[in-house]
Amino acid sequence: MRTTGLIMAGGKGTRMDLDIEKPLLEICGRPMIFYVVDALRGSKDIDDIIVTTSEHTPETAQTLKKYGIKVLETSGRGYVEDTQEAVKKLGLENVLVISADLPLITSDLVDEVFSRHKASGKPALTVALSESQIKNVGSKNGFTRLIPAGVNILDGKRINEEQLEEEVMIMDRVEVTLNVNTPEDLKLARSTMRSIQPFRRQ
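In this report, the structure presented in the accompanying data block is examined. None of the values given here were measured: they were computed from a predicted structure. For every chain, the first residue of its written sequence is number 1, and the numbers climb from 1 along that sequence. It should be noted that, the model being predicted, local features are given only for residues of pLDDT at least 70 and side-chain atom pairs only at 80 or more, the latter also being counted only at that level, while totals for whole chains, interfaces and linings use all residues. Each side-chain value is derived from all of the structure's non-hydrogen atoms; neither hydrogens nor water enter the calculation.

Describing a nonpolar patch on the surface
Step number 1: A cluster of nonpolar side chains, contributed by Leu146, Val168 and Ile170, occupies part of the molecular surface with about 230 Å² of accessible area.
Step number 2: Every helix listed is a DSSP run of H or I at least four residues long, and every strand listed is a run of E at least two residues long, numbered separately from the N terminus. Considering the arrangement of structural elements, one finds Leu146 in the loop between α5 (131-134) and β8 (147-155).
Step number 3: Burial here depends on accessible area, computed with a 1.4 Å probe over protein chains only, as a share of the maximum for the residue type. Under 20% is buried, over 50% is exposed, and the range in between is partly exposed. Given a relative accessible area of 44%, Leu146 falls into the partly exposed group. To count toward a patch, a residue needs a relative accessible area over 30% and no salt bridge; like charges are then connected within 9 Å, while nonpolar side chains (Val, Leu, Ile, Met, Phe, Trp, Tyr) are connected within 5 Å. Throughout, the Shrake-Rupley method with a 1.4 Å probe supplies accessible areas, and for residues the shown protein chains are the sole cover considered. By definition, a salt bridge exists where a carboxyl oxygen of Asp or Glu is found within 4 Å of a side-chain nitrogen of Lys or Arg.

See the structure below:
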């Protein structure tokens, strides 16, 4: 069964209050979304990569196409709605869904998530952060219990089912705790990337 990496890049990014679209924010000289693309390209479990954009992110779509990256325009109604729309429209089967605002994500972490999913035998998996882990990331304070990290695996053939049995994989690694939603997050992502880049395997 082929596995598709679906990168979600159609959100408005209103909390950033910037002129540039969020996926194109530069971190160490590269648009943020390219770090996510590279991580999926380096995963032994991903066969294909598609980025969903919307009317909110036309420059992102144009930039990605220039580099030969597959793009699908969705309605931009929301993360879950756009995921469902893409899976149905493309007839995807095994799907890793990931947010474009996780620039520290690595191929090793993606492979680890797939290993956990395979071992679970369940049709879906969600990577989550606990409340205690969230307290270290200012942009997410105020949430309680388990918080989705923006990395999921699902059986696309069952996308119409209201609720899938899912494995919950709790992680406290910076690759998933740091997503870029505010200018403060962006600053932290840039400084973290500068410190780890020489040692980083995509």
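Quick word on the pairing of strand β4 (residues 48-53)
Working note: regular strand, side chains alternate between the two faces of the sheet.
Step number 1: Of all 6 residues making up β4, 6 are buried, and the element is well covered by its neighbours.
Step number 2: Judged by which residues are buried, β4 turns out to be covered on both faces: Asp48, Ile50 and Thr52 on one side and Ile49, Val51 and Thr53 on the other are all buried.
Step number 3: One ladder, built from 5 bridges, connects strand β1 (residues 3-8) with β4; its direction is parallel. Residue pairing across strands places Leu6 opposite Ile50, the latter belonging to β4.
Step number 4: Remark: the β4/helix α2 (residues 58-66)/strand β5 (residues 70-73) crossover connection has right-handed handedness. Criterion used throughout: strands pair if DSSP finds at least two bridges between them. Place the viewer so that the strands point away; then a crossover is right-handed whenever the path from the first strand over the helix to the second strand goes clockwise.

Thoughts on the packing of aromatic side chains
Step number 1: In this scheme Phe, Tyr and Trp rings, the latter by its six-membered ring, pair at centre separations within 6.5 Å, and the angle between planes marks the pair as stacked below 30 degrees, edge-to-face above 60, and tilted otherwise. A complete count under the given rule lists 1 aromatic pair for this structure.
Step number 2: Ring geometry for Phe34 versus Tyr67: centroids 5.3 Å apart, planes at 75°, classification edge-to-face. One end of the pair, Phe34, is in helix α1 (residues 32-41); the other, Tyr67, is in the loop between α2 and β5, and 33 residues separate them in sequence.
Step number 3: Take Phe34: its relative accessible area is 9%, and that puts it in the buried class.
Step number 4: The exposure class assigned to Tyr67 is exposed, which follows from its relative accessible area of 57%.
Step number 5: Lysine NZ or arginine CZ positioned within 6 Å of the ring centre and within 35 degrees of the ring normal marks a charge as sitting over the ring. When the ring centre of Tyr35 is taken as origin, the NZ or CZ atom of Arg30, which lies over that ring, is 4.8 Å away.

Details of the nonpolar core
Step number 1: Throughout, nonpolar core names a set of buried Ala, Val, Leu, Ile, Met, Phe, Trp, Tyr and Cys residues whose side chains join them through atoms within 4.5 Å. Ile7, Ile33, Ile105 and Val176 are the most contacted members of the largest nonpolar core, which totals 31 residues.
Step number 2: For this core, the secondary structure elements donating two or more residues are α1, β4, β6 (94-99), α4 (107-120), β7 (124-129) and β8.
Step number 3: Take this core: its biggest share by element is 6 residues, from α1.
Step number 4: In what follows, a contact means two residues having at least one pair of non-hydrogen atoms within 4.5 Å. In this view, Ile7 contacts Ile33, Val36, Val37, Leu40, Ile49, Ile50, Val51, Thr52, Ile98 and Ala100; residues no more than four positions away in its chain are not counted.

Notes on the layout of surface pockets
Step number 1: The volume enclosed by the largest pocket comes to roughly 1,300 Å³.
Step number 2: Around the largest pocket, the lining comprises 47 residues; the ones closest to its centre are Tyr79, Val80, Thr83, Gly150 and Asn152.
Step number 3: Counting residues per element, the ones that place at least two in the lining of the largest pocket are α3 (79-90), β6, β7 and β8.
Step number 4: Here the lining of the largest pocket takes 8 residues from β8, the largest share from any one element.
Step number 5: Classification used: nonpolar for Ala, Val, Leu, Ile, Met, Phe, Trp, Tyr, Cys and Pro, charged for Asp, Glu, Lys and Arg, polar for all others including Gly. Tallied by class, residues from the lining of the largest pocket come to 20 nonpolar, 17 polar and 10 charged. Detection works on a 1 Å grid of protein atoms alone, calling trapped sets that fit a 1.4 Å probe cavities and calling open sets with protein on both sides within 12 Å along at least five of seven lines pockets, with lining residues defined by an atom within 4 Å of a point. Grid points are joined across faces, edges and corners, and a volume is the space filled by probe spheres set on the points.

Geometric descriptors of this kind do not, in isolation, establish any biological role.
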